[in-house]
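# Per-entry structural report
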Amino acid sequence: MPKYQFDKWTDLYANRTGRLKSSAIRDLLSVTQRSDIISLAGGTPYTRDFKLEKIVSATTACMLNQGNDALQYGGSEGHVGLKKHIVKMMSADGINVDTEDFIVTGGSQQALDLIGKIFIDPGDVILVEAPSYLGALDAFTCYEPKVVSIPLDEDGVRVDELEARLRELAAAGIKPKFMYLVPNFHNPAGVTLSAERRRRLIELSREFGLLLVEDNPYGRLRFEGEDIPSLRALDEHVIYLSTFSKIFSPGIRLGWIMAPHPILEKIIFAKQSADLCSSSFTQRVVEEFLNENELDPYLNQLVKTYRSRRDAMLAALDEFFPPEATWSRPRGGFFVWARLPEFIDTTEMLAEAIGQKVAYVPGRAFFADGSGANFMRLAFCYPSEEDIHEGIKRLAGVVKDQISLYHSVAGLLRAPAQTEEKAGN
Ligand SMILES: Cc1ncc(COP(=O)(O)O)c(C=O)c1O
């Protein structure tokens, strides 16, 4: 059967299906996987330094020690052996929980979808940062909310703006269902929410009964500075998500979500209807891997790699980018967020960049209201330092061309007016 057929079933789809679009990132990745393109686009964790023999032994141990269970369905809540390790990791992050206080999910992306599923009716108001994680916007949008965006700056979300919006909404009798945030090493903005703003956010959540959803995939990838207590450590009513994707492997598809018990119960029901349970097999392989205390040394190595790549990107931006551009200086995670002059549209510029064999993600993808046209996300996680240097150099050339083009067109447009003025004199 031909792959590209006329879709004669359009009258059958649910309304929400119209909101399901191929994500900008996925479309892009298909082009940027070409070996001649330096991709600063995808937030792909660097898994190439992983010693595969360690996974071979963990898989062998899994089969020998618990092979039958690994091949069976498991509980929707997740495998207790793995959850005990997550409890230890959480306690090191200042979050004291029991194995019953959270469930294992198919990556944190599934957790985002489950949150949308249990909270959002069409037209409900939800709050997000602007910019926000594209995958979360996609997951929530499917449930047809009205998305209210709160801007962020170098210290994370603007809590003063949030307070103003909460007051406006309360005055209009509207109670937002939740606010979604990525406080550490934000995707895409690279910024971290300050300790002071975290405290203020918790105060506001209490004052307005606002449920907070804290997504923390990058918190353990800190390059320098002190950890800042998570929102969940400050208040146990916060819904908290994390994942093994960025600290170990995205291929195993394992994350976790903790929430107050009444909410967690609904999330479990939603998960049961989505996939019954996360993979019994990969949960046990990761358990065996963690039994050997292999994660921390691997994480230290990852942090070193990502730190050097971040340094390479910032150095290349300083060297090549024009003075009209500014960018974030992340202290961890995967991303630098660059701002170009307002007259540049990074979605339109992408074709030029790909022509020069370099790719990034255009800013607009990360804003629910379609703004952000002059921003771009630059990921330093996957390419080598040499490729980052070369990629930023090529991109700087594209940006400078856009700026010169704008000035020459603007000059041409100004010219007749000046002539007329002269004539008038
Ligand atoms: C902020 C954020 N949340 C969630 C995810 C999804 O991760 P997972 O692989 O755990 O589904 C990502 C992946 O890029 C992310 O950046």
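The sections below set out a description of the structure shown in this document.

Let us now look at the site of the ligand. The environment of the ligand is formed by 14 residues, the closest being Asp215, Tyr218, Thr243, Ser245 and Lys246. The contact in question runs from an oxygen atom of the ligand to an N or O atom on the backbone of Gln109, over 2.9 Å. Here Ser245 contributes a side-chain N or O atom positioned 2.6 Å from an oxygen atom of the ligand. Tallying contributions element by element places helix 4 (residues 107–119) first for the shell around the ligand, with three residues. Here the residues of the shell around the ligand are counted per class, giving five nonpolar, six polar and three charged.

So, about the pairing of strand 9 (residues 255–258). Every second residue of strand 9 is oriented toward a common face, with Gly255 and Ile257 on one face and Trp256 and Met258 on the other, all of them buried. As judged from the four bridges shared by strand 2 (residues 102–105) and strand 9, these two strands associate in the antiparallel manner. By the bridge assignment for strand 9, Phe102 is matched with Met258. As paired elements, strand 8 (residues 239–243) and strand 9 share four bridges and run antiparallel to each other. Looking across to strand 9, one finds that Leu241 is bridged to Ile257.

As a further point, take helix 6 (residues 159–171). Residue pairs spaced three or four apart in an α-helix point in one direction, given the helix's 3.6 residues per turn. Its 13 residues give helix 6 an end-to-end C-alpha distance of 18 Å, which sits within 8% of 18 Å, the value for a rise of 1.5 Å per residue. The complete set of buried residues in helix 6 reads Val159, Leu162, Leu166 and Leu169. All buried residues of helix 6 fall inside an arc of 80 degrees around its axis, so they share one side. Contacts from the buried residues of helix 6 go to strand 3 (125–130), strand 4 (146–153), strand 5 (156–157), strand 6 (179–181) and helix 7 (195–208). Gly173 sits one or two positions beyond helix 6 and adopts a positive phi of about 75 degrees.

Conventions we followed
Residues numbered from 1 in each chain as written. Predicted model: local features only at pLDDT ≥ 70, side-chain atom pairs only at ≥ 80, totals over all residues. Heavy atoms only, no water. Near = heavy atom within 4 Å. Polar contact = N/O pair within 3.5 Å; in protein donor to acceptor, adjacent residues only side chain to side chain. Helix = DSSP H or I, 4+ residues; strand = E, 2+ residues; numbered from the N terminus. Nonpolar A, V, L, I, M, F, W, Y, C, P; charged D, E, K, R; others polar. Buried < 20%, exposed > 50% of the residue type's maximum accessible area, 1.4 Å probe, protein only. Pairing = 2+ DSSP bridges. Expected span 1.5 Å × (residues − 1). Arc of directions from axis to C-beta. Contact = heavy atoms within 4.5 Å.

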